[in-house]
Amino acid sequence: MTGPTRLSVIPTGSRSRVHRTTGHLTARTMDLDAHGARVGLLATRALLLSGDDVRIEVDVAPGAWLDVVETTGTVAYEGDAPSSWTIDATVGDGAVLTWAGKPFVVSDGIVTHRDTRIRLHGTGRALMQEKIVLGRAGQTGGDLTTSLNATDDTGPVQVEHLDLSRGARSMPGVLGNLRSMDTVTALGWSPEPLGEPEAGTTGPGETYFRLDRSGAVLRWIGIGRFRDRLCAPTFAAWCEEAMRHRSRRPGRAPLRQAGHRPLRDTVPGRPAAGDPTDAVSTEASARRAVP
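Just so you know, these numbers come straight off a predicted model, no measurement behind them. (Residues numbered from 1 in each chain as written. Predicted model: local features only at pLDDT ≥ 70, side-chain atom pairs only at ≥ 80, totals over all residues. Heavy atoms only, no water.)

## With respect to the overall build of the chain
Selection rule: The helix and strand labels rest on DSSP assignments: H or I over at least four residues marks a helix, E over at least two residues marks a strand, and numbering proceeds from the N terminus. Only protein chains enter the calculation, and the probe is 1.4 Å; a residue is then buried if its accessible area is under 20% of its type maximum, exposed if over 50%, and partly exposed in between. Whether two residues are in contact is decided by their heavy atoms: any pair within 4.5 Å suffices. Residue exposure ignores everything except the shown protein chains as possible cover, and the areas themselves are Shrake-Rupley values with a 1.4 Å probe.
Helix and strand counts for the chain come out as four helices and 16 strands. Burial analysis of the chain (291 residues in total) assigns 54% to the buried set. Here the analysis covers contacts within the chain between residues at least 6 apart in sequence; of these, 72% occur between residues at least 24 apart. Element-wise, carbon and sulfur atoms account for 51% of the exposed surface of the chain, whose accessible area totals about 12,900 Å².

This is the structure:
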């Protein structure tokens, strides 16, 4: 049984310390300064296969920043055994965690679950983006459930469970023929999306709502590729806002600016990962790695 991937960052006087343990994924440091780091996640084997239980444990020390980069999308392949993908993160006082997920594609004939658990301490902030695609090309997709459980020192901040199994999502008023969902979640503060949209009127398939406590969610639902023009720029803007209010700013900006070259540009042979087809494009190479 493969253990969890562990990743932690601790600020120091001159150069932050990044500790990592390899599991289904391994971490590579892309950039760092005295207070934090940008880290890329790379699969150590074909993922996500039937029966896989991928676990990623993250710890951002007080006053630190961590920007997690998924280098490619992930396909949950068909199989008899359920699979799962779990993120378990702790964000210390004055720390910031940002994580822009790549497409997670759910193949036909699979039961899979995505679980995200976040614990905020003090003025810690977390910004997460999750992209879901139901089915590869020509498919309707298998059974997916997702959950988010975020807490701070007072109690629950956001608790959500989505049943996107085939039976549930085909019911009237749920998803119908919509296949893609992009969710940006801010925890620890309540930012506004770009412009001045009202709740539920940010455009076709988009909804913005503030949490009862410190947080906000922007969600886009559509038929195919992620063609919306709100979630990506909103994520970038919220990143800047989260870092701007951090208790101690790093010496170098840890945000993905327009001119930043992502990790895939520095790793020969790795495909880009901007929409559902990017994740599917890794299928051939992934299958060759399967015994």
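## Concerning the sheet that holds strand β8 (residues 83-91)
What counts here: By definition, two strands form a pair when at least two bridges between them are found by DSSP. Lines fitted to C-alpha atoms define the axes here, with helix axes fitted over just the stretch in contact, and angles between the N-to-C directions of these axes take values from 0 to 180 degrees.
An order of β2-β1-β5-β8-β10-β12-β13 is seen for the seven strands of this open sheet, with the pairing classed as mixed. In the strand order of this sheet, the two ends are held by β2 (17-21) and β13 (156-164), each with one partner. Each strand of the sheet is rotated relative to its neighbour by a mean of 5 degrees, with strand direction disregarded. Note that strand β10 (residues 111-120) and strand β12 (residues 143-151) share nine bridges and pair parallel. Pairing of histidine 113 across the sheet is with threonine 145, part of β12.

## Digging into empty space enclosed by the protein
Here is the rule: Here a cavity denotes grid points, spaced 1 Å and computed from the protein atoms alone, that fit a 1.4 Å probe unable to get out, and a pocket denotes an open set having protein on both sides within 12 Å along at least 5 of 7 lines; residues with an atom within 4 Å of a point are the lining. Grid points are joined across faces, edges and corners, and a volume is the space filled by probe spheres set on the points. Charged residues are taken to be Asp, Glu, Lys and Arg, nonpolar residues to be Ala, Val, Leu, Ile, Met, Phe, Trp, Tyr, Cys and Pro, and polar residues to be all remaining types, Gly included.
Summed over the entire model, instances satisfying the criterion amount to one cavity of 30 Å³ or more. Here the largest cavity defines a volume of roughly 210 Å³. The wall of the largest cavity is formed by 17 residues, among which Thr116, Met128, Glu130, Leu148 and Thr185 lie closest to the centre. Where the lining of the largest cavity is concerned, the elements lending two or more residues are β9 (96-106), β10, β11 (125-134), β12, β13 and β14 (180-187). Residue composition of the lining of the largest cavity, grouped by class: five nonpolar, seven polar and five charged.

## Here's the deal with the environment of alanine 89
Position of alanine 89 among the secondary structure elements: in strand β8. Setting aside anything within four residues of it in sequence, one finds alanine 89 in contact with Val58, Leu97, Arg117, Ile118 and Arg119.

## Thoughts on the pattern of salt bridges
Two side chains bearing opposite charge may form a pair once their charged atoms approach each other closely. How we decide: Salt bridges are defined by distance alone: a side-chain nitrogen of Lys or Arg within 4 Å of a carboxyl oxygen of Asp or Glu.
Inspection of the entire model under this criterion finds 14 salt bridges. The residue glutamate 78 makes a salt bridge to arginine 136 at a minimum N-O spacing of 3.1 Å. Placement of the pair is glutamate 78 in the loop between β7 (74-76) and β8 and arginine 136 in the loop between β11 and β12, with a sequence separation of 58 residues. Taking the relative accessible area as the measure of exposure, glutamate 78 reaches 35% and is therefore partly exposed. The closest approach of N and O atoms between aspartate 88 and arginine 117, which form a salt bridge, is 3.8 Å. Of the two residues, aspartate 88 is situated in strand β8 and arginine 117 in strand β10; the sequence distance between them amounts to 29 residues.

## Quick look at the pairing of β11
With ten of ten residues buried, β11 lies mostly within the body of the structure. Side chains of β11 alternate between two faces, with Arg125, Leu127, Gln129, Lys131 and Val133 and Ala126, Met128, Glu130, Ile132 and Leu134 buried alike. Where β9 lies against β11, nine bridges are found, and the strand directions are parallel. Across the sheet, the residue bridging to threonine 98 is leucine 127, located in β11.

## Considerations on the environment of isoleucine 221
Within the secondary structure, isoleucine 221 sits in strand β16 (residues 215-222). Sequence-wise, isoleucine 221 and leucine 178 are 43 residues apart; in three dimensions their C-alpha atoms are separated by 6.8 Å. Setting aside residues up to four positions removed in sequence, isoleucine 221 forms contacts with Leu175, Leu178, Ser180, Met181 and Gly205.

## A few points about the environment of tyrosine 208
So the rule is basically this: In the analysis that follows, any N or O atom pair within 3.5 Å is treated as a polar contact, provided that within protein one partner can donate a hydrogen and the other can accept it, and provided that, for residues neighboring in sequence, both atoms belong to side chains.
Mapping tyrosine 208 onto the fold places it in strand β15 (residues 206-210). We classify tyrosine 208 as buried; its relative accessible area is 5%. Separated by ten residues in the primary sequence, tyrosine 208 and leucine 218 have C-alpha atoms spaced 4.4 Å apart. At 2.7 Å, the side chain of tyrosine 208 forms a polar contact with the backbone oxygen of proline 191. Side-chain polar atoms of tyrosine 208 contact the side chain of glutamate 192, separated by 3.5 Å.

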